[in-house]
Amino acid sequence: MKKLLIAILMCVVASYSSFGQNGELMTATHNVYSGITHTYKVTGTDDFKWEVFSDENCTTPVVAAANTYTFSAGTNLTKDLTITWNEPAVSPATYYLRVKQTDAKNCYNYKTLRVVVTSVSTMDFAFVNATSEDCAVNISGSNVSFEVTLTGDYLVHESGKQAQIEYAIGTGAKKWLNVDLAGATTGAGTYTITIPAADLLSADAKVTENFIINVYQLKDGNGAIKDFTSTPVTHTWTATALPTIVDIAF
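The notes below deal with the structure included here. Model, not experiment: these values are computed from the prediction.

### Section: the overall build of the chain
If you tally the helices and strands in the chain, you get 1 helix and 16 strands. A total of 250 residues make up the chain; the buried ones form 36% of that total. In the chain, once contacts between residues fewer than 6 apart in sequence are set aside, the share between residues at least 24 apart is 67%. As presented, the chain carries roughly 14200 Å² of accessible surface, and 55% of it is formed by carbon and sulfur atoms.

Quick look at the structure:
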């Protein structure tokens, strides 16, 4: 009888200690490009701990490294975690981001999010047309818009998280520019970029001039960057000469 009671007690203790340990795998997946820094949040007032694993059952930890991830803030006992997903050794790479929550009675539970990190090589930018032309702008002062395409399975381009390009006119200074949003459209698609008139002023509006627009980088709304520096994406815009007007007789 004594042995039976001990066995029952051991069973109860074992059952209690294992409660909640399997946790819950979220149905959603966070698909991201390598190079982004993102903050993950959970609600509650208890203690938290964040970990990264390579398997759904969270038995194989993944070590922070140049080709995995970097904790920027909230590595332990905080409910908000800021993490940078680095270029994976093999792309895409699937990780399991798990948070452990422990209450005042030392009861705990887990929740796990599947994160798929993809190389920025699948993200791209292009001009719809290689060339275009319009009247010189140094009299009208009008900005000039160009049709462009953004591609990529997980590109973020939405209100508050607009994609950007780094561009320069010829060998001029490089500048960052928002890609224009088209209504409620997000993600990959056809958009426009609008170059300020000040960047496309003709030295002499009565002489036709070619402006070479060089795009060096594309940044998605989460901050992942595709670099074209070695081979910029280019567009040639021709500012056609304005007609010469003879003096007005008076």
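What follows continues from the structure just given.
### Remarks on the sheet that holds strand β8 (residues 124-127)
The strands that make up a sheet are held in pairs by hydrogen bonds between backbone atoms, and each pair lies either parallel or antiparallel. Taken together, 3 strands build an open sheet; the order of strands is β8-β10-β13 and the sheet is antiparallel. At either margin of the open sheet sits one strand with a lone partner, and together these are β8 and β13 (189-195). The sheet shows a mean angle of 35° between the axes of neighbouring strands, direction not considered. With 7 bridges joining them, strand β10 (residues 144-151) and β13 adopt antiparallel strand pairing. Pairing of T149 across the sheet is with T190, part of β13.

### Re the sheet that holds strand β7 (residues 108-118)
Across the sheet, which stays open at both edges, the 4 strands sit in the order β1-β7-β6-β3 with mixed pairing between neighbours. The open sheet has two free edges, formed respectively by β1 (24-33) and β3 (47-53), since each of these has just one partner strand. Mean inter-strand twist for the sheet, computed between neighbouring axes without regard to direction, equals 25°. Where β1 and β7 come together, 7 bridges link them in parallel fashion. By the bridge assignment, L25 is partnered in β7 with T112.

The rules behind these values
- Residues numbered from 1 in each chain as written.
- Predicted model: local features only at pLDDT ≥ 70, side-chain atom pairs only at ≥ 80, totals over all residues.
- Heavy atoms only, no water.
- Helix = DSSP H or I, 4+ residues; strand = E, 2+ residues; numbered from the N terminus.
- Buried < 20%, exposed > 50% of the residue type's maximum accessible area, 1.4 Å probe, protein only.
- Contact = heavy atoms within 4.5 Å.
- Areas by Shrake-Rupley, 256 points an atom, 1.4 Å probe, with all protein chains shown as cover.
- Pairing = 2+ DSSP bridges.
- Axes fitted to C-alpha atoms, helices over the stretch in contact; angles between N-to-C directions.

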